[in-house]
Amino acid sequence: MRIVSGLMRFTYLCALLMTTVVTAKTADIESVRVWSGPDHTRAVFDISAQTDYKLFELNNPPRVVIDVASARLKTQLELPKNRDIKGIRFSENKERVRLVLDLEKDFKPKSFLLKPTGKYGHRLVVDLNHEQSQEQKTVEQVMPENRDVLVAIDAGHGGEDPGAIGASGTYEKEITLNIAKTLAQKINAQKGMQAMIIRDGDYYIKLRDRFKKARDKRADLFVSIHADAFHSASVNGASVYVLSQRGASSEAAKWLADSENQADSIGGVIIEDKRDMLSQVLYDLSQNAAMEESHKAGQAVYAALKNKVKLHGRGFGQAAFIVLKSPDVPSMLIETGYISNPDDEKNLKSTAHIDKLTTQITVGIRNYFYQSPPPRTWIAAQAKAKKHVVQSGDTLSAIASRNGTNIDTIKSINNKSNNSVMIGEVLFLPQ
Ligand SMILES: [Zn+2]
């Protein structure tokens, strides 16, 4: 006990000492950024040094006042036009800078300081969260018979977190959003399949909230899209990753997972909310089942990409990505290429390449669902039908004539737009 209290006293002294050091230093308020998501607006102030601040709300008209201690305003802050904040005002005296955000309506703001990470310095974050409607929380979803399978597509990074930055300045967060939207269109064009986009604009969602959104809608699959950088510009190609509980399949996979897992601290999350976590035992049990399905789904996408797009190394790996830790939704992370490689960076901006890439991902996802259909789905009903797994040397016309049907019927049942078939592809045949 004595040791503990001694330690506490020591910590207290350190804290006192730190406060003194901090207040002696003047912090410059350098700039402000604003990101708006569907359910929140986030304002981020860049501050040159750590400092104290006070935040309070005022009504009539609604506003938030932030007093930043021993600070200086470096420039006139300008706020980009946005939905929730009408404008910003400021005043300065010897002790502090007062920032006033004029709001469109009353909010209960949340605020916190972020320590420097990556290319960012100290930041003060103010979140204005929209109240979630009660209806959204309590409505029990009834899953209809013969429903579509639901694929949640997560565009990596966003908002305060640009992700990796390419040699010619491309932001990963923009590449991932574009690919996610194209992929969603292709999935929606498939009979029996439906897509939901987890992030559809330039804002940050914390890693655990990404899969939580998918779970809330009872998605059947979660696909996180990325295009990361590596320290060597020569590294290129796409790869599919699934969760590993036991460590990474390669050094590169570990490195990637570590860098992805830092996204929260860059994007602006400080406290990990564990209150709603399932008990660890339950979590492990259901996660094992989800991991088995994740493996099947990941392999199906990998097989569809193989020979069609350049893969990185083996093209399939495992590592401890937080965003893949959904306890019950099969999940994968697709590195669509390395933005740090000039050829990949160019490809990731090319419409033709993105078209090919997303077509193959769709084929892979579709093959997975036909091989392992969730119960009571339209695809499960089809999967009871006669099927043929394409072998080496098979053509569509040969398969059709062997089974007493024609190419057009097979194409229609399988939602195919051309006559090419792939080894391993599952084709459904008329009964
Ligand atoms: Zn990434």
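Attention in this report is confined to the structure presented alongside it.

How each quantity is defined
- Residues numbered from 1 in each chain as written.
- Predicted model: local features only at pLDDT ≥ 70, side-chain atom pairs only at ≥ 80, totals over all residues.
- Helix = DSSP H or I, 4+ residues; strand = E, 2+ residues; numbered from the N terminus.
- Contact = placed C-beta atoms within 7 Å.
- Pairing = 2+ DSSP bridges.
- Axes fitted to C-alpha atoms, helices over the stretch in contact; angles between N-to-C directions.
- Expected span 1.5 Å × (residues − 1).
- Buried ≥ 20, exposed ≤ 12 C-beta atoms within 10 Å, placed from the backbone.

Re the overall build of the chain
Regarding its fold elements, the chain presents 12 helices and 17 strands. In the chain, the proportion of contacts linking residues at least 24 apart, taken out of those at least 6 apart, comes to 75%.

Quick word on unusual backbone geometry
The omega angle of the peptide bond from N60 to P61 is -10°, so this bond is cis rather than trans. The topology assignment puts P61 in the loop between β3 (53–58) and β4 (63–69). Residues other than glycine seldom take positive phi values, yet N146 does so here, at roughly 60°. As for its position among the elements, N146 is in the loop between α2 (134–138) and β10 (149–155). We note that R218 has phi near 55°; this positive angle belongs to a residue other than glycine.

Some words on the sheet that holds strand β1 (residues 27–36)
Reading across the sheet, the five strands line up as β5-β1-β2-β9-β8 and stay open at both edges, with mixed pairing between neighbours. Strands at the two margins of the open sheet, each flanked by one partner only, are β5 (71–73) and β8 (109–114). If you compare each strand with its neighbour and ignore which way they point, the axes differ by 30° on average. Of the strand pairs in this sheet, β1 and β5 are connected by three bridges, and their pairing is parallel. Looking at the pairing, A27 lines up with A71 of β5.

Structural notes on helix α3 (residues 172–188)
Residues three or four positions apart in an α-helix share a direction because the helix packs 3.6 residues into each turn. In this model, α3 (17 residues) spans 24 Å end to end at C-alpha, consistent with the 24 Å of a helix rising 1.5 Å per residue. When we look at burial in α3, the residues that qualify are E172, K173, I175, T176, L177, I179, A180, T182, L183, A184 and I187. Of the surrounding secondary structure, the elements contacted by the buried residues of α3 are β10, β11 (193–197), β12 (221–226) and α9 (351–371).

Comments concerning the sheet that holds strand β7 (residues 96–103)
Backbone hydrogen bonds hold the strands of a sheet together, and the pairing may be parallel or antiparallel. On the basis of which strands lie adjacent, the open sheet formed by four strands has the order β3-β4-β7-β6 and antiparallel pairing. Bordering the open sheet on either side are β3 and β6 (85–92), each of which pairs with just one other strand. Neighbour-to-neighbour, the strand axes of the sheet open up by a mean angle of 15°, direction not taken into account.

A closer look at the environment of T75
Structurally, T75 can be placed in the loop between β5 and β6. Separated by 45 residues in the primary sequence, T75 and E30 place their C-alpha atoms 6.5 Å from one another.

What about the environment of Q318?
Within the fold, Q318 resides in strand β14 (residues 311–319). By C-beta crowding, Q318 is classed as buried, having 24 other C-beta atoms within 10 Å. If near-sequence neighbours (up to four positions away) are discounted, Q318 is found in contact with Y241, V242, L243, S244, A248, S249 and A253.

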